[in-house]
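Remarks on the overall topology
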Amino acid sequence: MQPKHWFVFILLGAIWSSSFLWIKIAVQEVSPITLVAFRVLFGLLFSIIVITIQRTQIPRDFKSWLPFLILGISNVAIPFFLISWGEQAIDSGIAAILDSTVPLFTIVIAHYLLHDDKMTWPKVSGLLMGFAGVVVLMSKDIGSTIGPLLGQLAVVVASMFYAGSSVYARKSTQEASGLIRGAGPLVSSTAVMWIAAFTVEQPFKIPQLPITWIALLWLGVLGSGFAFILNYYLIHEIGPTRTTMVTYIFPLGGVILGVIFLHEQITWQVIAGAVLIIASLAVANLQPKKVVEEVPSVTM
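Residues numbered from 1 in each chain as written. Predicted model: local features only at pLDDT ≥ 70, side-chain atom pairs only at ≥ 80, totals over all residues. Heavy atoms only, no water.

Quick notes on the overall build of the protein
Where we set the bar: Only DSSP runs of H or I reaching four residues or more are called helices, and only runs of E reaching two or more are called strands; each is numbered from the N terminus. Using C-alpha atoms as the atom set, the radius of gyration is obtained and then compared with a globule rule of 2.2 Å times the number of residues to the power 0.38. Each residue is placed in one exposure class: buried if its accessible area under a 1.4 Å probe, protein chains only, is under 20% of its type's maximum, exposed if it is over 50%, and partly exposed if it falls in between. Should any heavy atoms of two residues lie within 4.5 Å, those residues are counted as being in contact. To be clear on the numbers: accessible area is Shrake-Rupley with a 1.4 Å probe, and residue cover counts the displayed protein chains and nothing else.
Regarding its fold elements, the protein presents 12 helices and 0 strands. In sequence order, the protein lays out its α and β elements as α-α-α-α-α-α-α-α-α-α-α-α. The C-alpha atoms of the protein give 20 Å as radius of gyration, which agrees with the globular expectation for 300 residues (19 Å, within 12%). Along the longest, intermediate and shortest principal axes, the C-alpha atoms of the protein span 85 × 55 × 30 Å. The burial tally for the protein puts 53% of its 300 residues in the buried class. Look at the contacts in the protein between residues 6 or more apart in sequence, and 90% of them connect residues 24 or more apart. Surface summary for the protein: the accessible area is close to 14400 Å², and the carbon and sulfur share equals 71%.

Below you can see the structure in the form of structure tokens.
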């Protein structure tokens, strides 16, 4: 990873780490469906503005749009809803921790479906170390009642969708520009979520609190529109496995923000898990030295 990749990686991690805090705030007033509907709408509007300013060429044929329509469901609508639904029962820090399991699913999927993102000892070692950090962070706060248990399961399933979608995006959106890769999935996700909102929510509730609108705008403009552009840029630059390791930043940012603003508890597990997660990023990005064998010349 080059310095520019690290910059985008850390920026993306910071934006998405804060999303768990804003989701927890928003679900205090609105339902998960309404939250996601507004989030993807604001993200799409932001993307349209950027595409218009940049005068980006928009694909004209259905074949080019099909992957984005699929990703809008698998990488946006479903996982966004599952995480928002889960945070009704669990702390924002716990959601951030559980979402960091994405690379554990990605490394297996990418190994079998991509020719240039295979498992290596540094990747496996780093991912296992990161998983250990996640386990340490989870060890005290995972609830035992059915509500928190289902909420935790929802976030884990969302992580599976993220993992599979990142590999699919790498395989199917090679020809599209970064802006289109980021904005495209928001088209189908916006359509699906607003249909669901008006169908399921009876009556449909418009947010009233200013803090809720701030949360929805943050989640939409930064957490969806801008972050999606950064995410798809990294997927094509460094591969889906390393890109999804941005989720290992989530426990750090998510837990710290939860402690500061939502008074969620900080323990020794947070410190120990943070050390393991940071170390896992360094280990997984180690490049094994290539042994160059000297080939004897052959004369005729």
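Let us keep going from here.
Re the nonpolar core
Which entries qualify depends on this criterion: In plain words, nonpolar cores are sets of buried Ala, Val, Leu, Ile, Met, Phe, Trp, Tyr and Cys residues tied together by side-chain atoms within 4.5 Å.
The biggest cluster of nonpolar side chains holds 68 residues, and the ones touching the most others in it are W16 and L35. Of all the elements, helix α1 (residues 3–26) adds the most residues to this core, at 11 residues. Those residues in contact with W16 that lie beyond four places of it in its chain are R39, G223, A227, F228, N231, V246 and F250. V50, I180, A183 and I229 belong to the second-largest nonpolar core, a separate cluster that totals 8 residues.

As for empty space enclosed by the protein
Applicable threshold: As defined here, a cavity is a set of points on a 1 Å grid over the protein atoms alone where a 1.4 Å probe fits but cannot get out. A pocket is an open set with protein on both sides within 12 Å along at least five of seven lines, and residues line them when an atom is within 4 Å of a point. Grid points are joined across faces, edges and corners, and a volume is the space filled by probe spheres set on the points.
Applying the stated criterion across every chain, the model contains 1 cavity of 30 Å³ or more. Size it by volume and the largest cavity reaches roughly 290 Å³. Lining the largest cavity are 21 residues, and of these W16, D99, Y162, T247 and F250 sit closest to its centre. For the lining of the largest cavity, the elements supplying multiple residues, two or more each, are α1, α3 (62–86), α7 (146–172), α9 (210–238) and α10 (240–244).

Quick look at the environment of A169
By the secondary structure assignment, A169 is in helix α7. On a C-alpha basis, the gap between A169 and P240 in space is 8.5 Å, while along the polypeptide they are 71 residues apart. Ignoring sequence-local partners within four residues, the contact set of A169 consists of L71, Y232 and H236.

Regarding α9
Inclusion rule: To estimate the expected span of a helix, subtract one from its residue number and multiply by 1.5 Å. The reported bend at a residue is simply the angle between two axes, fitted to the 7 residues ending at it and to the 7 residues beginning with it.
Its 29 residues place the ends of α9 39 Å apart at the C-alpha level, agreeing with the 42 Å of an ideal helix rising 1.5 Å per residue. Within α9, the axis deviates most sharply at A227, by approximately 40°. Remark: G239 follows α9 within two positions and exhibits a positive phi of approximately 95°.

Some details on a nonpolar patch on the surface
Rule in force here: Patches in this entry comprise residues that are over 30% relatively accessible and not in a salt bridge; like charges within 9 Å are linked, as are nonpolar side chains (Val, Leu, Ile, Met, Phe, Trp, Tyr) within 5 Å. For this analysis, a salt bridge means a side-chain nitrogen from Lys or Arg found within 4 Å of a carboxyl oxygen belonging to Asp or Glu.
A surface patch of nonpolar side chains, amounting to about 470 Å² of accessible area, comprises W85, I146, L149, L150 and L153. The greatest single-element share of the nonpolar patch, amounting to 4 residues, is contributed by α7. Structurally, L149 is set in helix α7.

Digging into the packing of helix α4 (residues 92–99) against α7
Which entries qualify depends on this criterion: Each axis is a line fitted through C-alpha atoms, and for a helix only the stretch in contact is used; angles between axes span 0 to 180 degrees, taken between their N-to-C directions. Crossings are assigned a handedness: left-handed for a near helix turned anticlockwise from the far helix by less than a right angle, right-handed for a clockwise turn.
At their nearest, the axes of α4 and α7 sit 8 Å apart, and the two run at 35° to each other. As α4 packs across α7, the resulting crossing turns out to be right-handed. For the pair formed by α4 and α7, the contact residues are I94, A95, L98 and D99 on the first element and Q152, V155, V156, S159 and Y162 on the second.

Thoughts on the packing of helix α2 (residues 32–54) against α3
Note the following rule: An angle below 35 degrees is treated as roughly parallel, one above 145 as roughly antiparallel, one from 65 to 115 as roughly perpendicular, and anything else as oblique.
The contact between α2 and α3 brings their axes to 9 Å, and the two run at 135°. The orientation of α2 with respect to α3, classified from their angle, is oblique. Taken as a pair, α2 and α3 cross one another with a handedness that is right-handed. Counting all contacts with α2, which are made through P32, I33, L35, V36, R39 and V40, the residues of α3 involved are V76, A77, F80, F81, S84 and W85.

Focus on the packing of aromatic side chains
Heads up, the rule is: Stacked, edge-to-face and tilted are the three classes for Phe, Tyr and Trp ring pairs, Trp counted by its six-membered ring, which pair at centre distances within 6.5 Å; planes under 30 degrees apart are stacked, over 60 edge-to-face, the rest tilted. Over a ring means this: the NZ of a Lys or the CZ of an Arg is within 6 Å of the ring centre and within 35 degrees of the ring normal.
Considering all chains together, one arrives at 16 aromatic pairs under this definition. Ring centres 5.7 Å apart and planes at 75° place the aromatic pair W6 and F9 in the edge-to-face group. Here W6 pairs with F9, and both are found in helix α1, just 3 residues apart, close to one helical turn. For F9, a relative accessible area of 2% gives the class buried. Each member of the aromatic cluster is reached from another via a ring pair, and the members are W16, F20, F80, F228, Y232 and F250. Positioned above the aromatic ring of F80, the side-chain terminus of R39 is 3.7 Å from the ring centre.

Shape is all these values report; function is a separate question.
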